[in-house]
Amino acid sequence: MKRFSEIIFVIFIIAISILVIFFMSKKNKENIYEENVEYINKKEDIRLAVLNLDTLNPILTKNRYVYDLTNLFYDSIINLDENYKPSLELGESIEKIDDLKYKLKLKDVHWNNMEDKLTPEDVKFTVDKIREHKGIYFDNIKNIKEINILDQNTLEFELLNEDKYFKYNLTFPIMKKVEDNLFTDSKAYGVPHGIGMYFLSKIEGNTLYFTLNDKYYGFKEKNKLPNIKTVLVKRYKEANTMYTDFKEGSIDILETGKSDVENFIGNFGYIKKPYKGRDFTFLGFNTQKIEDLALRQSIFYILDKKEILKEIDAVTNTSFVLDYGSFLYKKQINTKENLDMAKSILEKAGYEIKNEVLKDGKKVELNLIVNNGNPKEIKLGENIKTNLEKNGIKVNLYPLNSEEYINRVNNKNYDVAVITVRNNFTPSLDSFFGPNNYFNYINPNMDEILKEIKNKDEEEADILYEKIQDIYLKDMPFIPLYRNERYVLLSSALNGQIVPNSHNIYANFTNWYRK
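Residues numbered from 1 in each chain as written. Predicted model: local features only at pLDDT ≥ 70, side-chain atom pairs only at ≥ 80, totals over all residues. Heavy atoms only, no water.

A. Layout of the packing of aromatic side chains. Across all of its chains, the model carries 36 aromatic pairs by this definition. Ring geometry for tyrosine 243 and phenylalanine 264: centres 6.1 Å apart, planes at 20 degrees, overall stacked. With a gap of 21 residues between them, tyrosine 243 in helix α7 (residues 239-247) and phenylalanine 264 in helix α8 (residues 262-265) connect regions that are remote in the sequence. Ring centres of phenylalanine 282 and phenylalanine 478 lie 5.7 Å apart, and the angle between their planes is 65 degrees; this geometry places the pair in the edge-to-face category. Pair noted here: phenylalanine 282 is in strand β12 (residues 270-285) and phenylalanine 478 is in strand β20 (residues 478-491), with a separation of 196 residues, a long-range link. We classify phenylalanine 282 as buried; its relative accessible area is 0%. By relative accessible area, phenylalanine 478 is classed as buried at 0%. Grouping aromatic residues by their ring pairs yields a cluster made of Phe280, Phe282, Phe320, Tyr329, Phe432, Phe433, Tyr438, Phe439, Tyr441, Tyr472 and Phe478. The ring of phenylalanine 425 has arginine 278 lying over it, and the distance from NZ or CZ to the ring centre is 4.2 Å. Here the guanidinium or amino end of lysine 359 rests over the ring plane of tyrosine 351, the centre of that ring lying 4.6 Å away. (Phe/Tyr/Trp six-rings, centres within 6.5 Å; stacked < 30°, edge-to-face > 60°. Helix = DSSP H or I, 4+ residues; strand = E, 2+ residues; numbered from the N terminus. Buried < 20%, exposed > 50% of the residue type's maximum accessible area, 1.4 Å probe, protein only. Lys NZ or Arg CZ within 6 Å of the ring centre and 35° of its normal.)

B. Up close: unusual backbone geometry. Positive phi is not limited to glycine here, since asparagine 52 has a value of about 50 degrees. As for its placement among the helices and strands, asparagine 52 is situated in the loop between β1 (45-51) and α2 (64-73). Given a relative accessible area of 48%, asparagine 52 falls into the partly exposed group. Backbone geometry at lysine 412 places phi at a positive 55 degrees, although glycine is not the residue there. Structurally, the position occupied by lysine 412 is in the loop between α13 (402-410) and β19 (416-422).

C. Structural detail: the nonpolar core. Of all hydrophobic cores here, the largest spans 148 residues; its most connected members are Phe157, Val231, Leu283, Ile299, Ile384, Phe433 and Phe509. The element contributing the most residues to this core is β20, with eight residues. Those residues in contact with phenylalanine 157, other than ones at most four positions away along the chain, are Ile77, Leu100, Lys101, Tyr102, Leu104, Val123, Ile144, Glu146, Ile147, Phe166 and Leu170. (Core = buried A, V, L, I, M, F, W, Y, C linked by side-chain atoms within 4.5 Å. Contact = heavy atoms within 4.5 Å.)

D. Region of the structure containing helix α9 (residues 293-302). A large share of α9 lies buried, amounting to eight of its 10 residues. All buried positions along α9 are accounted for by Ala294, Leu295, Arg296, Gln297, Ser298, Ile299, Phe300 and Ile302. Taking the backbone nitrogen of alanine 294 as reference, a side-chain oxygen 3.0 Å away marks aspartate 292 as the first, capping residue of α9. (Polar contact = N/O pair within 3.5 Å; in protein donor to acceptor, adjacent residues only side chain to side chain.)

E. How the structure looks around the pattern of salt bridges. Following the criterion strictly, the structure yields 31 salt bridges and no others. Of the charged contacts in the structure, one is a salt bridge between lysine 272 and glutamate 262, with a shortest N-O distance of 3.1 Å. With lysine 272 in strand β12 and glutamate 262 in helix α8, this pair connects stretches of sequence that are 10 residues apart. Classification of glutamate 262 by relative accessible area gives partly exposed; the value is 24%. Where aspartate 470 meets lysine 331, a salt bridge forms, and the shortest distance between an N and an O atom there is 2.7 Å. (Salt bridge = Lys/Arg side-chain N within 4 Å of Asp/Glu carboxyl O.)

F. Spatial organisation of the sheet that holds strand β5 (residues 101-106). The antiparallel open sheet is built from four strands, whose spatial order is β4-β5-β7-β6. In this open sheet, the two edge strands, each paired with only one partner strand, are β4 (91-98) and β6 (144-149). Looking at each pair of strands side by side, their axes are set apart by 20 degrees on average, direction ignored. Here β4 pairs with β5 via six bridges, running antiparallel. Along β5, the bridge assignment pairs serine 93 with lysine 105. Packed onto the sheet, helix α3 (residues 120-133) meets β5, β6 and β7 (154-159) and runs at close to 160 degrees relative to β6. (Pairing = 2+ DSSP bridges. Axes fitted to C-alpha atoms, helices over the stretch in contact; angles between N-to-C directions.)

G. Local environment of the sheet that holds strand β15 (residues 357-359). Here we have three strands laid out as an open sheet, ordered β14-β15-β16, and antiparallel in their pairing. The open sheet has two free edges, formed respectively by β14 (351-353) and β16 (362-363), since each of these has just one partner strand. Two strands pair when backbone bridges link them, and β15 and β16 are joined in this way by two bridges, in the antiparallel orientation. The residue of β16 that forms the bridge with leucine 358 is lysine 363. The strands that helix α11 (residues 339-348) touches are β14 and β15; relative to β14, the one it contacts most, it runs at about 135 degrees.

Listed below in C-alpha cells is the structure:
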C-alpha cells in the first residue's frame, strides 16, 4: 500500500511538472506572437491635414490647424497636461521674485539639428514678435512689460500687473532669433527653426514630412521614444477633398467644430471623440438688481438643461467655470432640474406659487438681454423664456445689437443676461467672484478665499477651490448653461491614449500608434 502511494505521488509530481512546462511554453509563444503582431501591425507614420495653409510659423499664422500642429513641432517654456496642470518644458525653473517679477532659467538644450543652443535672447525675440504681429498668442504676453537678460541661461520677466497665474501664459512656442526680414519671409523661412519632437525633413508636392528628432531632450528625460517616427502633413485647399481623403483612409485625424460631420463622411471607419471647448456660456444675474438669493437659487433648479439646450448645435452641458477639464475641479456640481427643490426654496422665502410665482402679491418678472449677433444665444434666450414661464416666472426677452449688448454687459447695465466668455487656461476665478466681476457680486468670505489662494500653490489650494464652489451654490451670481463642444475624428486604425483637449489635441502623442 505504501509502495502504491509513492507511485501515485511521483505520477502527481510528473503531471504537475508537465502542466507547468506546457503553460510556460504556451505563454512564451503567446508573448512572441503578441510582440510580432505588435511589430508587424504598428506603422511608424501618421497622416495629418492642414486646410488653407497660410504659414507654418506659429507666431504669424491665423490657421487653427497650424495652431494644433504647433504642439508637435515647437516646445514652450511651460506645457499643460490633459488636466491643464502646468509643468516645465523648456524652462528649468521659474521663481517668483515679487508681485511683478519672475526669474526664468532655461534648460541647456539645442535647436533641432543645430549646434546652437536655446538662449534668453530667443525668448525675448519670440515675445517681441508676438507683440509686433498680435497673433494667436498675443493675450499670453500682453502683461509682460519688459524682459531683462541676466546671463546665458537666465532672464527676468517684469509685468505690468500682478498675475498669480503668470506661468500659465508661458505656453507659447519659442522661436529662434533670426533676422527680422527672414522671420516674415514665408518662402525662405516657411517652417521656422524649432525645438520639438519632430523637424521638417522634406517636402514632396503637397505633403510635408516631419521626422522624429531622436536627440530631443524630452525623450531622454522620459526615457521613451514615440511609436510614431514620421508625421506627414498634407495640405488642402478645399474642405470637401480633405474630408473625402479622411473617409477613404488616407488621413488619420481631423479636428472640427461641426457636430453633424456624419452628413459629410458617414458613420463608419472612424471614431468621433468630443472634447470641451473654451467658450463658456452662462446666465448672469446683476446682483444689485436681482438681489434675492432665493430667486436666483430657484432658477438654478427650475432650468431644464435638456430643454434649454434643445436645437443648439455643438454644445455640451456645463456645471462650473473650471469644468473644461481643470485638475482643480474635483467636486462635481449637479445641474439636473429639481422642481421640488425650487418650490421649497421659494416658499421658504415667502413666495406664492400658483399659476405664476408671486412675491408680495406681484408676479415675478425678469428682463433678459441676449446678443442678437449670436444665433445660439438668441435660441438659448427663447428656450430659457419658455422654460421659466412654464414654471410661473415671466421673462421679457430683449435681443440687442452687438454694440449695445456689449456696452450694457461691460457696464453692468442689465438685470439678467446670457453671456459667453472664452476661458483662459488659468484657474483664475477673479472675473466671476473677484473685484469688478461680471455681476456686481460682493461677498467678503469669497474675497478672503481668493486672497488666500494667491498665496498658495495650486496643489495646496484645491480645498479652497471647493469652498468657492460651496459659496457659489449659496449665492448663485450666475448659472452655467453650456460650453462649446469640438470633435476629433480618429481613423479606426489609430490607437493609444488619445485624450484631446482645448490646449492640445495631440496630448499623450508619444503613446499613439497606427495599426
